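Residues per chain are reported as follows:
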Amino acid sequence: MKSVVVQGPKVPSIKQVPFRSFVVVSLLFSLFLASFSSNPGLTLACMATLTFLVLALWRPGEPPILFFAAGYQWAQVSAKVFHANYRDVPISELYSLAPDMVGRATLLSLAGLVVLAAGMWMAVRHFRAAQITNIHRRAETLSLDRVFIAYLVVGVASGVLSFGAWYVLALSQILLAIAAVKWVLFFLLSYLVFRRWRRLYYVPIAFVLEIVSGIGFFAGWQTVFFVCAIALMASKVSNRRLLWVVSILAVLLLSFALAWTGIKREFRAYLNQGSGEQVTLRSPAEMIGTFASMVSTLEANAFDDSVDNLLERLAYVDFFAAILSRVPAHIPHTDGALWGQAVLHVLTPRLLFPGKDVLPSDSQMTREYTGLPVSDFGTSISMGYLAETYVDFGAYLMFVPIAMLGMAWGGILRYFMAREGMSVMGYAFATTVLIHAAQFEITSIKLVGSVLMKFIVLALVSAFASEPLLRALRSRGPGGR
C-alpha cells in the first residue's frame, strides 16, 4: 500500500502569481516616487529593497516577526533618504558626517538588508505552516482571564529580575533573558484580546504597565509597541479594527518618540546625577514623576526640533559613511577581528570566566574608526553591526556573515515553531527573541550576545515549562474567559 503524504498549504513565495501583481505595482510606484525626488537613485533602491523584504519575509497568516526584524532596520537606513527628499535637497547636504560617502553607505546598507532577508528566507523556505488554522484553533482553548493574571505575575517577577541584574553583573545577561519571558505572556494576551475582540481593557492596562516600567536610562518603552503590533497582525482581526488599532499605536509611538527625543539628554543627566555613567540613581517613583514633568513642560518649538533630531537618530548611516572614508584608505580592514571578538565574548560567559575583560565603550570604537569626536559621557554610541562587518571584511566579503546572521534568525523562528507544535506559543517565543534582532545601530557583540542568550533561556523555558503553562491557562468553561 502506498503511503500518502499530506502537505499543508504552501507559504507564498517570490514566484507565486499573487505577488507578481504586487511587484509590478510596487515598482511602478517606486519609479513614480523616484522621478519626483531629489535623490532618485537612492529612492528607487530603498523602495526596491522594501519590495524584496515584503516578498521574502511577509508570510500571510503568520506574525511578521522576520519582516519586522529586517523592516525596522530598513526604516533606519532609508529615513535619511526620505528626509532629504522632504527637504528637497541631495542626501549629502543633510547633516552628513561624510557627504561624499553617505550615498555609498546607504546602498551598502540596503544591500546588507537584502542579504540578511535572503538568509532568513533560506532558513524558512522549506518550512511549511501546514496547520495554519490549528495555530489559531489551539489558542481558542486558553482563558483570557488566566492569561492576564499570568502576565501580571510574570511581569512583577520580571521587574525584580531586571532590577537585580544591575547588582549581580556575572548573572546579568541570564537574569535579563529570564525577565524577557514576560513578553511571551504579553504577546499571548494581546493576540487573544485582538482575535476575540473581548476584554479589550486588558491590553491598555498591560500597555501602560510596560510603558511605565520601560521609563529609564534607555528607551525600553519602545518594545511594547512592537510586540503589540506583531501580535495584532497575527490575530487576523478585521481590516477596520486593524486600521483603528494600528493608527492608535502609530500616533502613540510617534508622540512618545518625539517627547523622548526632546528630553532624553536632560532626563539621563537627572537619572545618573551628572555622573556621565549609564546608571540610574533615582527611585522608580522619582523617575516616573520627573519624566512626566519634563514631557508636560515641552514647548511646541521643542517638538519641532525633536522631529529633525528623531529622524537624525533613526537614520543610522552617517557613521558608516565616515568609516567608508577612512577604511581602508587610512585604517586597514581588521580581517575578522571584531566579529571574532564578538563570538569569543559570547562563548565565554562571565559566570564561567569571571576574569573576562570588560567590553570597551562603543563610543571608543566609533571614535577610532570614524575619526569623529564622539562623546561617551552619559551614553554609548556604536557604529552599528553592519559597519563593523565592513571594517572586518570589506565591501564584498561583509555579506557572508550577514547572510549567516539572517539564516540564524530564520532558524530561531523555525526552531520555536517546530518545538511548540505550530501553536501561537511558538510565535510568542520567537517574537520575544527576535524583537531584539531589529537593531541596525547595535554592535555585533551586543547583538549576538543578547539574542543568543535570550534564545538559550527561552528554548529551555519552551522545553520544560511551555506545556504546564498552557495547561494552567486553559479555560475550564465555555467562552474562553
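Scoring rules and cut-offs
Residues numbered from 1 in each chain as written. Predicted model: local features only at pLDDT ≥ 70, side-chain atom pairs only at ≥ 80, totals over all residues. Heavy atoms only, no water. Helix = DSSP H or I, 4+ residues; strand = E, 2+ residues; numbered from the N terminus. Buried < 20%, exposed > 50% of the residue type's maximum accessible area, 1.4 Å probe, protein only. Contact = heavy atoms within 4.5 Å. pLDDT = per-residue confidence, 0-100. Axes fitted to C-alpha atoms, helices over the stretch in contact; angles between N-to-C directions. Parallel < 35°, antiparallel > 145°, perpendicular 65-115°, else oblique. Left-handed = near helix turned anticlockwise from the far one by under 90°. Nonpolar A, V, L, I, M, F, W, Y, C, P; charged D, E, K, R; others polar. Expected span 1.5 Å × (residues − 1). Bend = angle between axes of the 7 residues up to and from the residue. Core = buried A, V, L, I, M, F, W, Y, C linked by side-chain atoms within 4.5 Å. Phe/Tyr/Trp six-rings, centres within 6.5 Å; stacked < 30°, edge-to-face > 60°. Polar contact = N/O pair within 3.5 Å; in protein donor to acceptor, adjacent residues only side chain to side chain.

Below, the discussion takes up the overall build of the chain. Secondary structure assignment for the chain yields 21 helices and zero strands. For the chain, the residues scored as buried account for 49% of the 481 residues in total. Looking at the chain alone, contacts between residues at least 24 apart form 77% of all its contacts between residues at least 6 apart.

What follows is about the confidence of the model for the chain. Reading predicted coordinates in detail is not appropriate for stretches of low pLDDT. In this model, the chain carries an average pLDDT of 83, and 83% of its residues clear a pLDDT of 70 or more. Predicted confidence is poor over residues 1-17, with pLDDT under 50, and the contacts of this stretch with residues over four places away or in other chains come to 18 contacts.

Where helix α8 (residues 181-196) meets helix α10 (residues 222-234), the closest approach of the two axes is 8 Å, and the angle between their N-to-C directions is 45°. The angle between α8 and α10 falls in the class oblique. Of the two possible hands of crossing, α8 and α10 adopt the one that is right-handed. For the pair α8 and α10, contact is made by Trp183, Phe186, Phe187, Ser190, Tyr191 and Phe194 and by Thr223, Val224, Val227, Cys228, Ile230, Ala231, Leu232 and Ala234, respectively. For the contact of α8 with α10, the residue count by class is twelve nonpolar, two polar and no charged.

The next thing to look at is helix α17 (residues 385-397). Working note: α-helix, 3.6 residues per turn, so residues spaced by three or four point in the same direction. Taking 1.5 Å per residue, 13 residues should reach 18 Å; α17 reaches only 14 Å between its end C-alpha atoms and comes up short. Along its length, α17 shows its largest kink, about 85°, at Val391. When you tally the buried positions in α17, you get ten out of 13 residues, the bulk of the element. For α17, the set of buried residues is Tyr385, Leu386, Ala387, Glu388, Thr389, Tyr390, Val391, Asp392, Gly394 and Ala395.

For the rest of this paragraph, the subject is the nonpolar core. Ranked by internal contacts, the top residues of the largest apolar core, which has 135 residues, are Phe186, Phe187, Leu189, Phe320, Trp409 and Leu413. No other element matches the twelve residues that α8 contributes to this core. Leave out the neighbours within four places in its chain, and Phe187 touches Pro63, Val227, Ile230, Ala231, Ala234, Val424, Tyr427, Ala428 and Thr431.

Let us now look at unusual backbone geometry. Glycine aside, the phi torsion of most residues is negative, and most peptide linkages are trans. Between Val327 and the following residue, Pro328, the backbone shows a cis peptide bond with an omega angle of 5°. Topologically, Pro328 is positioned in the loop between α14 (318-324) and α15 (337-347). With a phi angle near 60°, Asp88 is a residue other than glycine that sits in the positive phi range. On the accessibility criterion, Asp88 (59% relative accessible area) is exposed. Look at Arg199: it is not a glycine, yet its phi comes out positive at around 50°. Examined against the element boundaries, Arg199 turns out to sit in the loop between α8 and α9 (202-213).

Moving on: the packing of aromatic side chains. Going through the model one piece at a time under the given rule, you end up with 23 aromatic pairs. The interplanar angle of 75° and the centroid separation of 5.0 Å between the aromatic rings of Tyr201 and Tyr202 together place this pair among those described as edge-to-face. Classification of Tyr202 as buried rests on a relative accessible area of 8%. Through successive ring pairs, a cluster of aromatic residues spans Phe207, Trp221, Phe225 and Phe256.

A few words on the environment of Val184. Locating Val184 in the fold gives a position in helix α8. Through-space distance from the C-alpha of Val184 to that of Tyr151 is 8.6 Å; in sequence the pair is 33 residues apart. Not counting residues within four places of it along the chain, the set of residues in contact with Val184 comprises Met425, Ala428, Phe429, Thr432 and Leu458.

Moving on to the side chain of Arg196. Within the secondary structure layout, Arg196 lies in helix α8. Judged by its relative accessible area of 16%, Arg196 falls in the buried class. Side-chain polar atoms of Arg196 contact the backbone oxygen of Glu140, separated by 3.3 Å.

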